[in-house]
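Structural description and commentary
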Amino acid sequence: MYLIKLGGSVITEKAKRYTFRTKVMDHLARELKKASQDMIIVHGAGSFGHILAKEHDLDKGYKQDTQRFGFAKTQAKVQQLNNLVLDALHNYNIVAVSLPPHSTVTFNNHAIKYIDYTLFERYLEEEFTPVTFGDVVLDDSRGFSICSGDVLMQALATHFKPEKVMFVIDEDGLYTANPKLDKKATLVTSLTTQELTTLSTAADTHADVTKGMGGKLSVIKTIANQGIDTMLVNGNKPERIYRLLVGEEAKHTLIHGGKT
Ligand code: IPE
């Protein structure tokens, strides 16, 4: 089984509120169908979640009553994005079903307390493709929390031990420096978890309430520590995703699984 995250900066324009990148998502769905593998898909919230969450300080937990409206609105908007993703997958006959974190996950103190894995298992048994996503969830000690797609990736990887874990991002992979700011940055094609810590991470330029690239690297480290390989691949070149899923060569960064 493959575990794949479609990053919010690939499927949406992260700086522009509620802009779905229809064409990119269509291409991604086409390549995923072609690769024809059992998979769980996780997608980010992009500009359907981060901007609203920032405006309402949702990453800080419950502080004042007006945030409740922000929570409700964010939940509705990420669900809207999820429907767009499902539509794209359905167009290619991928039998994708939605498992929204706000009804399958609870948090305590900003960390996952409970995930209903049996629902994922049941859908997989029935040969569906479960799709979950970055969302807002209830939190026992903070009132509510942001549940990022990356945190879901970590939990699902730990539970399901997938054959391949793939993060679809808006760069070719990991670089020696931030490629958006430094022309001399070079792509790192393969690295161990130890080497991961030496890399500088891209400074996030858009509203990002889930720690951006730094958060992603820490999640990848946890996944790699369990012996699972993780690939980072550019979603704007969707054919690479197909090639990697069927075991062919394509530009990407591979983080080798193994204990640090
Ligand atoms: C963020 O999810 C969830 C909300 C802001 C509600 P992610 O952190 O997985 O989203 P992307 O991939 O960065 O857009």
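Please refer to the structure placed before this passage.
Note that the coordinates shown come from a computational prediction; the quantities given were computed from them, not determined experimentally.

**Brief notes about the pairing of strand β5 (residues 111-115)**
With 4 bridges connecting them, strand β4 (residues 105-108) and β5 associate as antiparallel partners. Bridging from a neighbouring strand, Val105 pairs with Ile115 of β5.

**So, helix α4 (residues 67-91)**
Over its 25 residues, α4 extends 36 Å from the first C-alpha to the last, a length consistent with the 36 Å expected when each residue adds 1.5 Å. Residues Gln67, Gly70, Phe71, Thr74, Lys77, Val78, Leu81, Asn82, Val85, Leu86, Ala88 and Leu89 constitute the buried set of α4. A positive phi of about 60° marks Asn93, the residue just after α4.

**Structural notes on helix α10 (residues 238-245)**
Those residues of α10 that sit buried are Pro238, Arg240, Ile241, Leu244 and Leu245. Looking down the long axis of α10, one finds its buried residues gathered within 150° of arc, a one-sided arrangement. In the core, the buried residues of α10 are packed alongside β1 (2-6), α2 (22-35), β9 (164-169) and β13 (230-234). Gly247 sits one or two positions beyond α10 and adopts a positive phi of about 85°.

**With respect to the sheet that holds strand β12 (residues 190-191)**
Strand order in the open sheet formed by 8 strands is β3-β6-β2-β1-β9-β13-β14-β12, with mixed pairing between adjacent strands. If you trace the sheet from one side to the other, it starts and ends with β3 (96-98) and β12, each paired once. Here β12 pairs with strand β14 (residues 253-255) via 2 bridges, running parallel. Bridge pairing links Ser190 to Leu254 in β14. This element, helix α6 (residues 117-125), spans β2 (39-43), β3 and β6 (129-133) of the sheet and lies at about 145° to β6.

Calculation criteria
Residues numbered from 1 in each chain as written. Predicted model: local features only at pLDDT ≥ 70, side-chain atom pairs only at ≥ 80, totals over all residues. Heavy atoms only, no water. Pairing = 2+ DSSP bridges. Helix = DSSP H or I, 4+ residues; strand = E, 2+ residues; numbered from the N terminus. Expected span 1.5 Å × (residues − 1). Buried < 20%, exposed > 50% of the residue type's maximum accessible area, 1.4 Å probe, protein only. Arc of directions from axis to C-beta. Contact = heavy atoms within 4.5 Å. Axes fitted to C-alpha atoms, helices over the stretch in contact; angles between N-to-C directions.

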